[in-house]
Amino acid sequence: MSIKTKLRLGIGLLFLMILLLSTVGISNINALKSDTENILVDNYNSLEYGKNMIAALDLMQQEQDGITAFEKNLNLQEQNVTEKGEGQATEQIAQRLAMLKANPQDTQLHLLIRKDIFRLMELNMNAIERKSNVANQTARTGNTWIVISSTLCFLVAMTLLVNLPGNIANPIKELTASIKEIAAKNYSQRVNYRSKNEFGELADSFNTMAEKLEEYNNSNLSKILTEKMRIETLINNMHEPVIGLDENRTILFINNEAIKISGLRPEEIMGRTAQDIAENNDLVRSLVNDLPQHENTEVLSSVPLKIYADNKESYFEKEIVNITIKPTGEKDKKLIGHVIILKNITPFKELDFAKTNFIATVSHELKTPIASIKMSLLLLENQNTGHINPEQQQLIESIKEDSNRLLKITGELLNMSQVETGNIQLSIQQSDPAQILEYAVEAVKVQAEQKQISLHVDKEENLPEVKADTEKTAWVLINFLTNAIRYSQQSGQIHIAIQQHENGVQFSVKDEGQGIDSRYRAKIFNRYFQVPGSAKTGTGLGLAISKEFIEAQGGHIGVNSEIGMGSTFFFKLPKA
Ligand code: ADP
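Residues numbered from 1 in each chain as written. Predicted model: local features only at pLDDT ≥ 70, side-chain atom pairs only at ≥ 80, totals over all residues. Heavy atoms only, no water.

Q: Explanation requested: the domain arrangement of the protein in the structure shown.
A: It is common to give the size of an interface as the accessible area lost on bringing the parts into contact. Along its sequence, the protein is carved into domain 1 (3–165), domain 2 (242–340), domain 3 (350–421) and domain 4 (429–574). Distance from the C-alpha centre of domain 2 to the C-alpha centre of domain 3: 49 Å. (Domains from an automatic or database assignment.)

Q: Sorry, what's going on with helix 15 (residues 542–552) here?
A: One turn of the α-helix equals 3.6 residues, which is why residues spaced by three or four share an orientation. When we look at burial in helix 15, the residues that qualify are G542, L543, A544, I545, S546, F549 and I550. Backbone geometry just after helix 15 places G554 at a positive phi near 80°. (Buried < 20%, exposed > 50% of the residue type's maximum accessible area, 1.4 Å probe, protein only. Helix = DSSP H or I, 4+ residues; strand = E, 2+ residues; numbered from the N terminus.)

Q: What is the right way to read helix 4 (residues 107–183) from this model?
A: Taking 1.5 Å as the rise per residue, helix 4 with 77 residues should run 114 Å; its terminal C-alpha atoms sit 110 Å apart, in good agreement. Its axis deflected by about 30° at N167, helix 4 carries its strongest bend there, up to four residues before the proline P171. Between a side-chain oxygen at the N-terminus of helix 4 and the backbone nitrogen of Q108 the separation is 3.0 Å; the capping residue is D106. A positive phi of about 70° marks K185, the residue just after helix 4. (Expected span 1.5 Å × (residues − 1). Bend = angle between axes of the 7 residues up to and from the residue. Polar contact = N/O pair within 3.5 Å; in protein donor to acceptor, adjacent residues only side chain to side chain.)

Q: Could you clarify how one ought to interpret the UniProt feature "domain: PAS" (unreviewed entry) in the protein in this entry?
A: The UniProt feature table records "domain: PAS" (unreviewed entry) at residues 227–273. Here residues 227–273 runs as 45% helix and 19% strand, with 25 Å between its end C-alpha atoms. (UniProt positions renumbered as here; feature names shortened; annotations may be inferred.)

Q: Would you mind going over unusual backbone geometry with me for this structure?
A: With the exception of glycine, most residues fall at negative phi, and the peptide bonds are largely trans. One non-glycine residue, R249, lies in the positive phi region at around 65°. The class for R249 is buried, based on a relative accessible area of 13%. Its identity is not glycine, yet N462 carries a phi of approximately 50°, on the positive side. Looking at where N462 falls in the secondary structure, it is placed in the loop between strand 8 (454–459) and strand 9 (466–468). For N462, a relative accessible area of 72% corresponds to the exposed category.

Q: Explanation requested: the layout of surface pockets in the structure shown.
A: Rolled over the atoms, a probe as big as a water molecule pinpoints where empty space is left. Roughly 1,300 Å³ of internal volume is contained in the largest pocket. Surrounding the largest pocket, 32 residues form its lining, N404, R405, K408, Q447 and T482 being those nearest its centre. Mapped by element, the contributors of at least two residues to the lining of the largest pocket are helix 10 (346–381), helix 11 (390–420), helix 12 (433–450) and helix 13 (470–486). Looking at which element gives the most residues to the lining of the largest pocket, the answer is helix 11, with twelve residues. Residues belonging to the lining of the largest pocket are distributed by class as follows: nine nonpolar, ten polar and 13 charged. Here the lining of the largest pocket spans two domains, and each of domain 3 (350–421) and domain 4 (429–574) adds at least three residues to it. (1 Å grid on protein atoms, 1.4 Å probe; cavity = no way out; pocket = protein on both sides within 12 Å on 5 of 7 lines; lining within 4 Å. Points joined across faces, edges and corners; volume = space filled by probe spheres on them. Nonpolar A, V, L, I, M, F, W, Y, C, P; charged D, E, K, R; others polar.)

Q: Help me understand the site of the ligand in this model?
A: Taken together, 20 residues form the shell around the ligand, and within it N483, D511, Q530, T539 and L543 come nearest. At a separation of 3.5 Å, an oxygen atom of the ligand approaches a polar side-chain atom of Y487. Bound to the protein, the ligand loses 99% of the 530 Å² it would expose on its own. Taking a 2 Å distance to the grid points as the criterion, the majority of the atoms of the ligand fall inside the largest cavity. For the shell around the ligand, the elements supplying multiple residues, two or more each, are helix 13, helix 15 and strand 13 (567–574). Sort the elements by how many residues they give to the shell around the ligand and helix 13 lands first, with four residues. (Near = heavy atom within 4 Å. Areas by Shrake-Rupley, 256 points an atom, 1.4 Å probe, with all protein chains shown as cover. Sits in = over half its atoms within 2 Å of the grid points.)

Q: How do you make sense of empty space enclosed by the protein when you look at a structure like this?
A: Applying the stated rule across the entire model yields three cavities of 30 Å³ or more. Empty space within the largest cavity amounts to approximately 390 Å³. Lining the largest cavity are 24 residues, with N483, Y487, V531, S534 and L543 sitting closest to its centre. Contributing elements (two or more residues each) for the lining of the largest cavity: helix 11, helix 13, helix 15 and strand 13. Top element by residues in the lining of the largest cavity is helix 13. It accounts for three residues. Residue composition of the lining of the largest cavity, grouped by class: eight nonpolar, twelve polar and four charged.

Q: What exactly am I supposed to notice about the packing of helix 1 (residues 3–61) against helix 2 (residues 67–78) here?
A: The contact between helix 1 and helix 2 brings their axes to 8 Å, and the two run at 160°. Between helix 1 and helix 2, the angle falls in the class roughly antiparallel. Handedness of the helix 1/helix 2 crossing: left-handed. For the pair helix 1 and helix 2, contact is made by S46, Y49, N52, M53, A56, L57 and M60 and by I67, A69, F70, N73, L74, L76 and Q77, respectively. (Axes fitted to C-alpha atoms, helices over the stretch in contact; angles between N-to-C directions. Parallel < 35°, antiparallel > 145°, perpendicular 65-115°, else oblique. Left-handed = near helix turned anticlockwise from the far one by under 90°. Contact = heavy atoms within 4.5 Å.)

Q: Honestly, the pairing of strand 4 (residues 305–309) in this entry has me stumped. Any pointers?
A: In regular strands, side chains alternate between the two faces of the sheet. With burial as the criterion, only one face of strand 4 is covered, namely that bearing L305, I307 and A309; the residues K306 and Y308 on the opposite face remain uncovered. Two elements, strand 4 and strand 5 (residues 312–325), share five bridges in a ladder whose sense is antiparallel. Paired with A309 across the bridge in strand 5 is K312. Between strand 4 and strand 5, which pair antiparallel in sequence order, lie two residues; one of them, D310, sits at a positive phi of approximately 55°. (Pairing = 2+ DSSP bridges.)

Q: Mind showing me how you'd approach the pattern of salt bridges here?
A: Once their charged atoms are close, side chains differing in charge can pair, the charge on each being opposite to the other. Scanning the entire structure with this criterion turns up 26 salt bridges. Where K131 meets D42, a salt bridge forms, and the shortest distance between an N and an O atom there is 2.9 Å. In this pair, K131 is assigned in helix 4 and D42 in helix 1, connecting sequence segments 89 residues apart. Here K131 falls in the buried class, since its relative accessible area comes to 13%. Looking at D42, the relative accessible area reads 15%, which means it is buried. Across the pair E232 and K228 runs a salt bridge whose closest N-O atoms are separated by 3.1 Å. (Salt bridge = Lys/Arg side-chain N within 4 Å of Asp/Glu carboxyl O.)

Following this line, the structure appears as structure tokens:
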């Protein structure tokens, strides 16, 4: 039966019951009313007349005028004869009254009339009693009917009360629970509701939908599983160690290479958090110690990791890739994990070492012959060794310039190789920034004059001392200044400034040269990098060495430059 019909029947039945109950109630009340009305009209009035007649009789006995009142009440009684024998009794009173009228002093008649009135009253009293019994009976019957129909109403209402809400709510509840299960991806959920009503139809549609979803999900799941296996195989076959973490840093996957270098067993790793493993494993600790907290920061380690595995030392470059997703319906990206990739750079590192050693040896070896060339040039210039004509003098000058350049290049190469092999020896001490500045300016004065470049020095008063290696810092400042002179126009201006900056002192060199394109600004501190199109006289090492020197002293180096607007190179050193 449909829910609609059920509701109609239920409410209709209740309506009928209410109708029945009110009909029974009203008809019983009406029956009772007519019973009591009968008593009042038929008998109570006769009693009243009887009582009045006795009073009138009493007056007549005392020889007063009661006859009119008597006759009035007798008339009324004659019109209200309702009981059996009442007519006869009234008749007898009328006859005796006629006799009394003829003989008013007849006490015997008085007594007889009184007796007749009493009989009349007794008749009516008996009728009242009988009618009251009838009314009682009517009331009892009414009660019984009301009780029967109320019980029926109660039973019907109770049945509806117990069954109807459940009939409607239970399937809704069951359906809601099933829909929640489906929403929680439990696609095997079905609704077992076998009924021909609307809910039955709804349950059937729901089951069809769930079945289709299950089918779709299963086909997708197997596809996803195959894809997962493919990716796992791919990651496992990669020659580079790869570790995957979720957002809570629990290890999701780790390939064979990573297992090999970590020295751990797979069962010791899977499902545990990286911090947990890091407590007892140095490699994992160094891998996870700088995991970014935000999705926008990617980490590419600048210092390679040195790992001893397979009886040899290997070098790895760590790269942390953040895995972010945009959940459906949301606007912001969410970090859901990281992939740590270690690039094996051992062969490059070995080549680099070989190159550095080679450079160090060559530049060291070249220093002595260059020094002797310079010495020979000095001797040549001396007039005592013979006369030199102007052409020869020009040649000597050019050899001098080239040998100076050669000496500079070998010096830089030696510095570089020292930096690369980690052999720079810094003698950091309390130094006066003004002194470093003066020394550097003095060293480039002649070079600047040759190009008619004016050097403007701006020294802030009461500068604190800095923690620095005076020689290396001066070298950096000279490098800035020679670059500024080299890249400035003839008769340009260079501003050199030292000023207090946060917790230290900032040195800056500002030129009015061509400036540096934003594309190259970050690269100029890389080794051997030269801005394309710039004068090829340098080595591309000066700024790289400067960076190493400054950072080794706990400082910071940088540049502000716009193309065509000149450049400002600066470094900051901490206060002593
Ligand atoms: P180099 O020996 O070639 O000067 P550096 O490391 O000192 O090597 O500089 C790297 C590159 O940065 C240079 O080739 C040049 O293109 C650019 N550069 C350095 N200083 C300046 C400057 N003051 N103005 C413009 N470009 C500069």
